[in-house]
Amino acid sequence: MTRPDTVPADAAAAVLQLARADIRAMDPYRHASADRSLIRLHANESPWPPVTATIGAAEALNHYPPPQPPALLEALARAWGITPAQILVGRGSDEGIDLLTRAFCAAGQDSVVISTPTFGMYSVAARIQGASILDVPLLADQGFALDLPGIRRALDKGPKILWLCSPNNPTGNALSSADIEAVLAAASGRAVVVVDEAYVEFTGETPWTLAVARYPHLVTLRTMSKAHGLAGARLGALIAHPDIIGLLRRIVPPYAVAGPTLEAALAALTPAALTVTTERIGQLLRERERLAAALSRSAQVRRVLPSDANFLLVQFDDAGAALQKLRDAGVLVRDFRGHPGLGEALRLTVGTPPQNDLMIRSLT
Ligand SMILES: Cc1ncc(COP(=O)(O)O)c(C=O)c1O
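J.: How should I be thinking about the overall build of the protein in this particular structure?
T.: Within the protein, the secondary structure is distributed over 12 helices and 11 strands. Considering only C-alpha atoms, the protein reaches an extent of 65 × 55 × 35 Å along its principal axes. Among the 364 residues that make up the protein, the fraction classed as buried is 40%.

The structure is reproduced here in structure tokens:
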């Protein structure tokens, strides 16, 4: 299913004006032709496949993969109910974060808004680019909701990008739709609003990805790393108005999606594979509730935060002791002590039933 783009052309053009003038003006890298019907003697490739090829049957590894592979864009568009022209694929959604920051923020000049505690790459990308960071912390006493008055005040400082993460990593909560709508309204014509939906498959909610057809300044990030189980393949997507995609195609590295990654992603997007993924999401959600209930009963646990994702943020009396117990059982979790507003918190990814049993045994 594809949806019509209802964003007027002048609104989309106005958003592009926020991007760096030098990026708008630059000539993109010209890829070698992706045509597979001709003998490929134009790209200094080896004529033979690698000696030890165990993967790469369909996408011969001696050839460069197609840039922005059309078959992948079409499969993703079908899966998400959008159009291929609204998608840019790259090495994880991390690449989308980096590209947006570089395209919209001039070093030493521009700024971005983040709402901590949140995914760390937004500020890493800003620092690398020399953009300043305006932090409007999430409201810990309101379930880590957005601070809308704070975001409106930050907008007055002229940031180029507002990073929203829903469900948020590490707190696990989805942001309220009304709040995201309010941010989109406040930022209209002023800044790009990014909704990072890395964990949206675990929510059962309609992804903001579909709203890209209505808002010229909305960008969403999706990934194959979480629900689709392809973190090792490195495949993420940025979804936006085709004009923003066109701008970012100027700076995306050539051949950003490796051949074996393309194969793995296409295989994960077949109807049969998607059916298994949906079943696994269901199992994971049941396991999340079982893990949350068991941990809530533990004397060592102060609080299990409600989660809309495939992980739980858990506050302990003594997170260091809990960390050690899990280490002794051979389990690694993420330490979030010391993050403002989180207290003695650890982030536990929901695993297989036996892995979750092990965490429960270690912590109860
Ligand atoms: C909120 C969020 N966004 C993006 C990413 C990056 O994912 P990817 O593997 O697609 O680069 C992560 C990874 O943990 C994440 O938690």
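J.: I'm lost on the domain arrangement of the protein in this one. Help?
T.: By convention, interface size is frequently given as the accessible area that disappears when the constituent parts associate. Here the domain parsing of the protein yields domain 1 (9-267) and domain 2 (273-363). When each unit is reduced to the centre of its C-alpha atoms, the spacing between domain 1 and domain 2 is 28 Å. Taken together, the contacts link 19 residues of domain 1 with 20 residues of domain 2.

J.: Can you help me understand the site of the ligand in this one?
T.: Taken together, the residues surrounding the ligand are G92, S93, D94, F119, C165, N169, D196, A198, T223, S225, A231 and G236. Counted by class, the shell around the ligand contains 4 nonpolar, 6 polar and 2 charged residues.

J.: What's the story with the sheet that holds strand β5 (residues 192-196) in this structure? I'm lost.
T.: Whenever strands of a sheet pair, they do so through backbone hydrogen bonds, lying parallel or antiparallel. With respect to topology, 7 strands assemble into an open sheet ordered β1-β7-β6-β5-β4-β2-β3, the strand pairing being mixed. Taken across any chain shown, the strands that pair with only one partner, and hence form the sheet edges, are β1 (87-90) and β3 (132-135). Within this sheet the neighbouring strands show an average axis-to-axis angle of 20°, counted without direction. Taken together, the 4 bridges between β5 and strand β6 (residues 218-223) define a ladder with parallel strand orientation. Bridge pairing in β6 places V195 opposite T220. Relative to β1, helix α3 (residues 70-80) is tilted by about 120°, and along the sheet it contacts β1 and β7 (236-239).

J.: Sorry, what's going on with the sheet that holds strand β10 (residues 334-335) here?
T.: The strand order across the open sheet built from 4 strands is β8-β9-β11-β10, with neighbouring strands paired in antiparallel fashion. Of all strands in the sheet, those with a lone pairing partner are β8 (301-304) and β10, marking the two edges. Summarising the sheet, β8 and strand β9 (residues 311-316) pair through 3 bridges and their orientation is antiparallel. By the bridge assignment for β9, V301 is matched with F316. Seen against the sheet, helix α11 (residues 319-328) touches β9, β10 and β11 (345-349) and runs at an angle of roughly 30° to β11.

Cut-offs and rules
- Residues numbered from 1 in each chain as written.
- Predicted model: local features only at pLDDT ≥ 70, side-chain atom pairs only at ≥ 80, totals over all residues.
- Helix = DSSP H or I, 4+ residues; strand = E, 2+ residues; numbered from the N terminus.
- Buried ≥ 20, exposed ≤ 12 C-beta atoms within 10 Å, placed from the backbone.
- Domains from an automatic or database assignment.
- Contact = placed C-beta atoms within 7 Å.
- Near = placed C-beta within 6 Å.
- Nonpolar A, V, L, I, M, F, W, Y, C, P; charged D, E, K, R; others polar.
- Pairing = 2+ DSSP bridges.
- Axes fitted to C-alpha atoms, helices over the stretch in contact; angles between N-to-C directions.

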